[in-house]
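Fold and contact review
So the chains spell out like this:
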Amino acid sequence: MTSAPDRVEGDRDPLVVLSHVQKHFGELHVLKDVDLVVGRGEVLVVIGPSGSGKSTLCRTINRLEGIDEGRITIDGEDLPAEGKALARLRADVGMVFQSFNLFAHMTVLQNVTLGPTRVRGASRADAERRAMELLERVGVGPQARKYPAQLSGGQQQRVAIARALAMDPKIMLFDEPTSALDPEMINEVLDVMTDLASSGMTMVVVTHEMGFARRAADRVVFMADGEIVEQADPETFFTAPSSRRAQDFLSKLLTH
């Protein structure tokens, strides 16, 4: 097994390292010997055709999906298999899903304060103060006393981002966070994510939003058939992709 690099491009410290990761779903080989390093403070955008393994890759980083072979470390520590150590790790890894996964019976404010009070041991007052700061930051402060069903999809997804941030994670994972939204709501979520990217948060974003990838990414990773085919800075990738698969993928996007 190859050793992890001490630095990634841009002289960043490695925060997440995947080495020789293999993952199967039955007969389907969804991740094929994947090596990837995410630097501290880096915004990594993962794109590719449907079924390429993008979401599975994202979900292995906080062990929502286990792996069959290989190794994943976060901040130099191996991913725990289960128990309290895994719970602690997940507290350090924020996750925003396609569906918002908010608790319907709790207000927006209660959704955002639940993790800090239950997992981090924060006082209710401190958790609520921090939650309100974050809700204001993502533009839904006035909705704090409402329930998720009273919010639009875009507002719910922004609450989900605030909820993940409330745990002060080391890294944020976004698994196609705009794919369940109506078109007019997509930009309001992408704007929050762009702001977060510019603030120095380490992010891994699986998305079909090429404009966001071009605007916010430090590096674009292109996947196909369970493999990382190509990775480059956005300008290089979108103007001069080196692989035939990426060229075909981009040409189809541009002709639709």
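Residues numbered from 1 in each chain as written. Predicted model: local features only at pLDDT ≥ 70, side-chain atom pairs only at ≥ 80, totals over all residues. Heavy atoms only, no water.

**So, the UniProt feature "domain: ABC transporter" (unreviewed entry) in the protein**
Note the cut-off: UniProt positions are given in the numbering used here, feature names are shortened, and annotations may be inferred rather than shown by experiment. Numbering of helices and strands runs from the N terminus, with a helix taken as a DSSP run of H or I at least four residues long and a strand as a DSSP run of E at least two residues long.
In the numbering used here, UniProt assigns the "domain: ABC transporter" (unreviewed entry) feature to residues 16–250. The span residues 16–250 is 39% helical and 26% strand by assignment, and the distance between its end C-alpha atoms comes to 28 Å.

**Let's talk about helix 6 (residues 183–198)**
Applied cut-off: Under the convention used throughout, the expected extent of a helix is 1.5 Å for every residue step, that is, one less than its residue count. Exposure is judged per residue with a 1.4 Å probe applied to protein chains only, and the accessible area is read against the type maximum: over 50% gives exposed, under 20% gives buried, and values in between give partly exposed. Here the arc refers to the directions that run from the helix axis out to each C-beta atom. Contacts are assigned to residue pairs with any non-hydrogen atoms lying within 4.5 Å of each other.
The end-to-end C-alpha separation of helix 6 is 24 Å, in line with the 22 Å expected for 16 residues at 1.5 Å each. Among all positions in helix 6, only Met185, Ile186, Val189, Leu190, Val192, Met193, Leu196 and Ala197 are buried. Projection of helix 6 onto a plane perpendicular to its axis shows the buried side chains occupying an angular sector of 155°, all on one side. Projecting away from the buried face of helix 6 at angles above 90 degrees are the exposed residues Glu184, Asn187 and Ser198. Buried residues in helix 6 make contact with strand 3 (43–47), helix 4 (124–137), helix 5 (153–165), strand 7 (171–175), strand 8 (202–206) and helix 7 (210–216).

**Considerations on the pattern of salt bridges**
Put simply, the rule reads: Salt-bridge detection follows one rule: a side-chain nitrogen of Lys or Arg within 4 Å of a carboxyl oxygen of Asp or Glu.
Per the counting criterion, the structure on display carries 15 salt bridges. The shortest N-O distance in the salt bridge between Arg219 and Glu42 comes to 2.8 Å. In this pair, Arg219 is assigned in strand 9 (residues 219–224) and Glu42 in the loop between strand 2 (28–39) and strand 3, connecting sequence segments 177 residues apart. Neither residue differs from the other here; Arg219 and Glu42 are each classed as buried. Of the charged contacts in the structure, one is a salt bridge between Asp195 and Arg137, with a shortest N-O distance of 3.5 Å. With a gap of 58 residues between them, Asp195 in helix 6 and Arg137 in helix 4 connect regions that are remote in the sequence. Under the relative-accessibility criterion, Asp195 is labelled partly exposed at 38%. Ionic contacts of the salt-bridge type, sharing partners, join the residues Lys23, Arg59 and Glu65 into one network.

**Observations concerning the nonpolar core**
Soluble globular proteins: nonpolar side chains tend toward being buried together. The test is simple: As used here, the term nonpolar core means buried Ala, Val, Leu, Ile, Met, Phe, Trp, Tyr and Cys residues forming a set that is joined through side-chain atoms within 4.5 Å.
Core analysis: the biggest nonpolar cluster contains 51 residues, and Ile161, Met172 and Met203 have the highest contact counts within it. Ranked by residues supplied to this core, first place goes to helix 6 with eight residues. Beyond its immediate stretch of four places on either side in the chain, Met203 contacts Glu42, Val43, Leu44, Ile171, Met172, Phe174, Met193, Leu196 and Ala197. Residues Val21, Leu57, Leu79 and Val221 belong to the second largest nonpolar core, which totals 27 residues.

**Let's talk about helix 5**
Compared with the 18 Å implied by 1.5 Å per residue over 13 residues, the 19 Å span of helix 5 between its first and last C-alpha is a close match. Among the 13 residues that make up helix 5, 13 are buried, leaving the element largely enclosed by the rest of the structure.

**Concerning the side chain of Lys54**
Short version of the rule: For the purpose of charge, His is not counted, nor are the chain termini; Lys and Arg are scored as positive and Asp and Glu as negative. For this analysis, a polar contact is any N or O atom pair within 3.5 Å, provided that within protein one partner can donate a hydrogen and the other can accept it, and provided that sequence-adjacent residues contribute only side-chain to side-chain pairs.
In this fold, Lys54 is placed in helix 1 (residues 54–60). Despite its burial, Lys54 remains without a salt bridge, the nearest opposite charge being carried by Glu176 at 4.2 Å. Looking at Lys54, its side chain comes within polar contact range of the main-chain oxygen of Pro49, at 3.1 Å. Apart from the residues lying within four places of it in its own chain, the contact partners of Lys54 are Val46, Ile47, Gly48, Pro49, Glu176, Val206, His208 and Met223.

**Considerations on the packing of aromatic side chains**
Note the cut-off: Put simply, two rings from Phe, Tyr or Trp (the six-membered ring, in Trp's case) pair if the centres are within 6.5 Å, and we call them stacked under 30 degrees between planes, edge-to-face over 60, tilted for the rest.
Summed over the entire model, instances satisfying the criterion amount to three aromatic pairs. Relative to Phe238, the ring of Phe237 has its centre 5.2 Å away and its plane inclined at 85°; by these criteria the two rings are edge-to-face.

**Points about the pairing of strand 3**
Here is the rule: When DSSP finds two or more bridges between a pair of strands, those strands are recorded as paired.
Most of strand 3 is tucked away, with five of its five residues classed as buried. Every second residue of strand 3 is oriented toward a common face, with Val43, Val45 and Ile47 on one face and Leu44 and Val46 on the other, all of them buried. Bridge count between strand 3 and strand 8: four bridges; the pairing is parallel. Across the sheet, residue Val45 finds its bridge partner in strand 8, namely Val205.

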